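The primary structure of each chain is shown beneath.
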Amino acid sequence: EAGVTQFPSHSVIEKGQTVTLRCDPISGHDNLYWYRRVMGKEIKFLLHFVKESKQDESGMPNNRFLAERTGGTYSTLKVQPAELEDSGVYFCASSQVGDYGYTFGSGTRLTVV
Amino acid sequence: ELKVEQNPLFLSMQEGKNYTIYCNYSTTSDRLYWYRQDPGKSLESLFVLLSNGAVKQEGRLMASLDTKARLSTLHITAAVHDLSATYFCAVDPPGESQGNLIFGKGTKLSVKP
C-alpha cells in the first residue's frame with residue numbers, strides 16, 4: 001500500500017509569504033496528525049484530525065497556521081504570513097482508529113528567509 | 001507536562017560493538033514508540049511497546065519498556081554501518097487522546113568501520 005505522502009518535499013519562501021503544505025494519508029486511515037521539528041528541537045505535535053474534524057489542535061503555535069481536511073481525505077496546512085521561526089520540517093502521520101501504530105510521511109522542509 | 005529525555009544525543013560507535021540508547025519519560029504511559037529516521041526520509045516505525053516488561057527484537061535492535069521506572073531502552077548488538085541513522089523515542093500521553101506523541105530529541109548514531 002502507498003505510504004503517507006507529503007508535498008512539497010522542500011519549500012523556500014520569503015518572510016510574509018504564504019505556503020501550503022499537503023499530506024495524503026494512507027487510504028482508509030481516519031486519523032491524521034501534523035507534527036513539526038524546528039532546528040535542534042524535538043518533534044512537536046501540532047494537531048489531530050479524525051476524518052474531517054479537528055480532534056486536538058492544542059499544538060498549533062498561533063493563528064497564522066490553518067489546517068484543513070476537507071472530505072476527510074488529504075489535509076493541508078497553510079502558514080500565512082510565514083515568519084522566520086516557522087522554518088523546520090513538517091511531518092504528517094496517519095493511523096487507523098483503534099490502532100496504536102502511526103505511519104509518518106517523509107516531511108516537508110520549510111525554510112523561511 | 002509529559003517530558004521525554006533521550007540519551008545520548010550523539011553516539012559514534014565502532015562496527016561490531018554493543019550500545020544502549022536510553023529513553024526516560026516523566027509521566028505514566030503505557031505506550032512507547034521507537035522510530036528510525038534516515039536523512040530526508042520518513043520516520044520509520046521500529047517498535048511499539050504497549051505494556052510493562054515488553055521486549056521486542058528485530059535484527060540487531062532490541063527494545064524494552066519498564067513503565068514503573070518510566071524507562072525504555074534500545075539496545076544495539078554488534079553494530080553495522082547500515083544502522084547509522086537518528087533514533088527517536090516517543091510516548092503517547094495517558095488518557096483517551098491518542099496520537100499526541102511526545103518525542104525525545106533523538107539520538108544520532110554513527111557507526112564507523
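Residues numbered from 1 in each chain as written. Chains lettered and ligands numbered in written order. Predicted model: local features only at pLDDT ≥ 70, side-chain atom pairs only at ≥ 80, totals over all residues. Heavy atoms only, no water.

(A) Spatial organisation of a positive patch on the surface. Taken together, the side chains of Lys-41 and Lys-44 of chain A together with Lys-3 and Lys-105 of chain B make up a positively charged region of the molecular surface. Among the secondary structure elements, Lys-41 of chain A is positioned in the loop between strand S4 (31-37) and strand S5 (43-50). (Patch = residues over 30% accessible without salt bridge, like charges linked within 9 Å, V, L, I, M, F, W, Y side chains within 5 Å. Areas by Shrake-Rupley, 256 points an atom, 1.4 Å probe, with all protein chains shown as cover. Salt bridge = Lys/Arg side-chain N within 4 Å of Asp/Glu carboxyl O. Lys, Arg positive; Asp, Glu negative; His and termini not counted. Charge placed at Lys NZ, Arg CZ, Asp CG, Glu CD. Helix = DSSP H or I, 4+ residues; strand = E, 2+ residues; numbered from the N terminus.)

(B) Inspection of the pairing of strand S5 (residues 43-49) of chain B at higher detail. Residue and element names in this part refer to chain B. Looking at chain direction, strand S4 (residues 32-37) and S5 are connected through six bridges and run antiparallel. What sits directly across from Trp-34, in S5, is Phe-47. In this structure, the hairpin formed by S4 and S5 is closed by a connection of five residues, where Gly-40 is found at a positive phi of approximately 75 degrees. (Pairing = 2+ DSSP bridges.)

(C) Layout of the sheet that holds strand S3 (residues 19-24) of chain A. Residue and element names in this part refer to chain A. Spatially, four strands are ordered S1-S3-S8-S7 in an open sheet, and the strand pairing comes out antiparallel. What marks the edges here is a single partner per strand, and that holds for strand S1 (5-7) and strand S7 (65-68). Each neighbouring strand pair of the sheet contributes to a mean axis angle of 15 degrees, computed without reference to strand direction. Here S1 runs beside S3; their pairing, made up of three bridges, is antiparallel. Looking across to S3, one finds that Phe-7 is bridged to Arg-22. (Axes fitted to C-alpha atoms, helices over the stretch in contact; angles between N-to-C directions.)

(D) Looking closely at the interface of chain A and chain B. On the side of chain B, 20 residues touch chain A, which itself brings 16 residues to the contact. Buried surface at the junction of chain A and chain B, both sides included, amounts to about 1,700 Å², of which 56% is carbon and sulfur. On the chain A side of the contact with chain B, Tyr-100, Tyr-102 and Phe-104 of chain A bury the most area, a combined 38% of that side's loss. On the surface where chain A and chain B come into contact, there are zero salt bridges. Put simply, the parts of the chain that give the side of chain A that touches chain B at least two residues each are S4 and S5 of chain A. Of the residues belonging to the side of chain A that touches chain B, the class tally is eight nonpolar, four polar and four charged. (Contact = heavy atoms within 4.5 Å. Buried area = accessible area lost by both parts, 1.4 Å probe. Nonpolar A, V, L, I, M, F, W, Y, C, P; charged D, E, K, R; others polar.)

(E) Region of the structure containing the state of the cysteines. All names here are of chain A. Tallying each qualifying case throughout the model produces two disulfides over all chains. A sulfur-sulfur distance of 1.8 Å marks the disulfide that ties Cys-23 to Cys-92. Judged by the sign of its S-S torsion, about -65 degrees, the bond between Cys-23 and Cys-92 is left-handed. Residue Cys-23 is located in strand S3, and its partner Cys-92 is located in strand S9 (residues 88-95); the two are separated by 69 residues in the primary sequence. (Disulfide = S-S within 2.5 Å.)

(F) Looking closely at the sheet that holds strand S6 (residues 55-58) of chain B. Residue and element names in this part refer to chain B. Ordered by their spatial adjacency, five strands build an open sheet running S1-S3-S8-S7-S6, and the pairing between neighbours is antiparallel. Every other strand in the sheet has two partners, leaving strand S1 (4-7) and S6 as the edge strands with one partner each. Strand after strand, the sheet turns through a mean of 15 degrees between neighbouring axes, direction not considered. Across six bridges, strand S7 (residues 61-66) lies against strand S8 (residues 71-76) in antiparallel orientation. When the sheet's bridge partners are listed, Leu-65 is paired in S8 with Ser-72.

(G) Geometry of the side chain of Arg-69 of chain A. Residues and elements named next belong to chain A. Considering the arrangement of structural elements, one finds Arg-69 in the loop between S7 and strand S8 (75-79). No salt bridge is formed by the buried Arg-69. Its closest oppositely charged neighbour is Asp-30, at 5.6 Å. A polar contact is formed between the side chain of Arg-69 and the backbone oxygen of Asp-30, at a distance of 2.5 Å. When residues no more than four places from it in sequence are discounted, the contact partners of Arg-69 are Pro-25, His-29, Asp-30, Asn-31, Leu-32, Phe-49, Val-50, Lys-51, Glu-52, Tyr-74 and Ser-75. (Buried < 20%, exposed > 50% of the residue type's maximum accessible area, 1.4 Å probe, protein only. Polar contact = N/O pair within 3.5 Å; in protein donor to acceptor, adjacent residues only side chain to side chain.)

(H) Broad picture of the nonpolar core. Membership of the largest hydrophobic core comes to 25 residues, with the highest contact counts inside it found for Leu-32, Trp-34, Leu-74, Ile-76, Tyr-87 and Leu-109 of chain B. Elements supplying a minimum of two residues to this core: strand S2 (10-14), strand S3 (19-25), S4, S5, S7, S8, strand S9 (85-91) and strand S11 (107-112) of chain B. A total of four residues in this core trace back to one element, the largest contributor, which is S9 of chain B. Beyond its immediate stretch of four places on either side in the chain, Leu-74 of chain B contacts Tyr-19, Thr-20, Ile-21, Trp-34, Phe-47, Leu-61, Met-62, Ala-63 and Tyr-87 of chain B. Listed in part, the 21 residues of the second largest apolar core include Val-19, Leu-21, Leu-46 and Val-79 of chain A. (Core = buried A, V, L, I, M, F, W, Y, C linked by side-chain atoms within 4.5 Å.)

(I) Representation of the side chain of Asp-56 of chain A. Tracing the backbone through its elements, the reader meets Asp-56 of chain A in strand S6 (residues 53-56). The side chain of Asp-56 of chain A sits in the buried core without any salt bridge; Arg-31 of chain B is the nearest counter-charge, 11 Å away.

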